Amino acid sequence: MGDSFEIRPGDKFRLSHVGPTDTSAFKGKKEDAEKEMEGLRSELDRLQELLYADHRHAVLVVLQGMDSAGKDGVIRHVFEGVNPQGVQVAPFKVPTPAEQDHDFLWRIHAQTPAKGHMTIFNRSHYEDVLTVRVHKLVDQGIWEKRYHAINEFERNLTREGTTILKFFLHIDRDEQRKRLEARLQDPTKNWKFSSADLHERQFWDDYQKAYEDMIQQTTTEWAPWHVIPSDHKWFRNWAVSRTIVKTLTGLSLAYPKGEVDVSKVRIPP
Ligand code: AMP
Ligand code: MG
C-alpha cells in the first residue's frame, strides 16, 4: 500500500493488514501534520477554483466507514476553506419509500457532480453491499451482483469526465468504543449519540468482512479505494487532504482562455 493508501486491483486485500493506528506514512509529529494541513487546505481551495474555471472535469469523493469513523470530521476539516459554491455534500440515509422503489443507483446517480464541481458522498451506493448485506435486506444473489453494477457505473462516470476518489476510514473496535463513550459524556456531543450505533456495533465483525470484500471487489483502475488509518484524527485528515490535492494536481487543470483578447479591451471611464 505504501503511503498512497491505494488498494490496487488484483491484490488480495486483507483489512487486518492495515493498522488503524498506523501513522508511519507521515514523517513528523502531529503538530507538523497540522501545519502541513494549512498548506493543503489553501492548495485545495486554489485547485477547486481551477476545477470550476477549467470546467472539463467533475470530482466525486466517496466517504465510507463505521459509525464514528470520522466521515463528518473529514468533511469539516478537509474542506473548510473551500468555496461552498463549488462543493456539494450528499448524505445517504436509509432509503425513502420512493428510493426503495427504484434500483439502488437511482438516488446515487442524481447526486453525482456536474463538470466543474466536487461532490462529497457521506455514505454512498456502497451501503447497498454493506448494511444491506449485514442485515440481509436483500438476498445474497442480489447484493453480490451489485459489485459488478457498481464497477460499471463508476467506469461510465469516469469515462464521461468524473474523477472518483474512494476513502474507507479505518478505525478499530476499541477506538469506536471510546468515541461512542465520548458522545455520552460530552454534553456537546450527546446529540450525536444514537442507540442505532450501539445496535450496529454488535455486528462489527460482519461489517469488517463486508468492507473487506467490498474493497477487494470494487477497487478498480478507474476508481481505486484508499484505506486510511483513522484512529488518529490528525493523521486521517492529513492523509485524505493530501490524496485529494495530489489527485487534483494530476488533472493538469488550467484556466480557460477568456472570450476576449484582453490586450484589445479598454474599460471606458
Ligand atoms: P448516519 O450516517 O449516522 O446519519 O446514518 C445513516 C444510516 O442510514 C446508517 O445507519 C446507514 O446504514 C443507513 N443507510 C444508508 N444507506 C442505506 C441503504 N442503502 N440501505 C439501508 N440503510 C442505509
Ligand atoms: Mg451515525
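A.B. asks: Looking at this structure, I do not really get the pattern of salt bridges. What am I missing?
C.D. replies: Any two side chains of opposite charge can pair if their charged atoms end up close together. One pass over the full model with this rule turns up 17 salt bridges. The salt bridge involving arginine 46 is made with glutamate 43; its shortest N-O contact spans 2.9 Å. Taken as a pair, arginine 46 and glutamate 43 lie in helix 1 (residues 30-54) at a separation of 3 residues, close to a single helical turn. Note on arginine 46: relative accessible area 41%, which makes it partly exposed.

A.B. asks: Is there a simple way to think about a negative patch on the surface in this case?
C.D. replies: Together, Glu31, Asp32, Glu34, Glu36 and Glu38 line one region of the surface with negative charge. Among the secondary structure elements, glutamate 38 is positioned in helix 1.

A.B. asks: Explain the site of ligand 1 here, please?
C.D. replies: The full set of residues close to ligand 1 is Phe92, Lys93, Val94, Pro95, Arg107, Arg123, Glu127, Asp128, Thr131, Val132 and Leu137. Within the contact set of ligand 1, an oxygen atom lies 2.4 Å away from a side-chain nitrogen or oxygen of lysine 93. At a separation of 3.2 Å, a nitrogen atom of ligand 1 approaches a polar side-chain atom of arginine 107. Protein burial of ligand 1: of its 500 Å² of free accessible surface, 76% is covered by the chains. Across the shell around ligand 1, the residue classes break down as 5 nonpolar, 1 polar and 5 charged.

A.B. asks: Can you walk me through the side chain of glutamine 208 in this structure?
C.D. replies: When you line up the elements, glutamine 208 lands in helix 9 (residues 204-218). Filtering out sequence-adjacent residues up to four positions away, glutamine 208 remains in contact with Leu15, Met66 and His170.

Here is what the cut-offs are and how they apply
Residues numbered from 1 in each chain as written. Chains lettered and ligands numbered in written order. Predicted model: local features only at pLDDT ≥ 70, side-chain atom pairs only at ≥ 80, totals over all residues. Heavy atoms only, no water. Salt bridge = Lys/Arg side-chain N within 4 Å of Asp/Glu carboxyl O. Helix = DSSP H or I, 4+ residues; strand = E, 2+ residues; numbered from the N terminus. Buried < 20%, exposed > 50% of the residue type's maximum accessible area, 1.4 Å probe, protein only. Patch = residues over 30% accessible without salt bridge, like charges linked within 9 Å, V, L, I, M, F, W, Y side chains within 5 Å. Areas by Shrake-Rupley, 256 points an atom, 1.4 Å probe, with all protein chains shown as cover. Lys, Arg positive; Asp, Glu negative; His and termini not counted. Charge placed at Lys NZ, Arg CZ, Asp CG, Glu CD. Near = heavy atom within 4 Å. Polar contact = N/O pair within 3.5 Å; in protein donor to acceptor, adjacent residues only side chain to side chain. Nonpolar A, V, L, I, M, F, W, Y, C, P; charged D, E, K, R; others polar. Contact = heavy atoms within 4.5 Å.

Nothing here speaks to function; it is geometry throughout.
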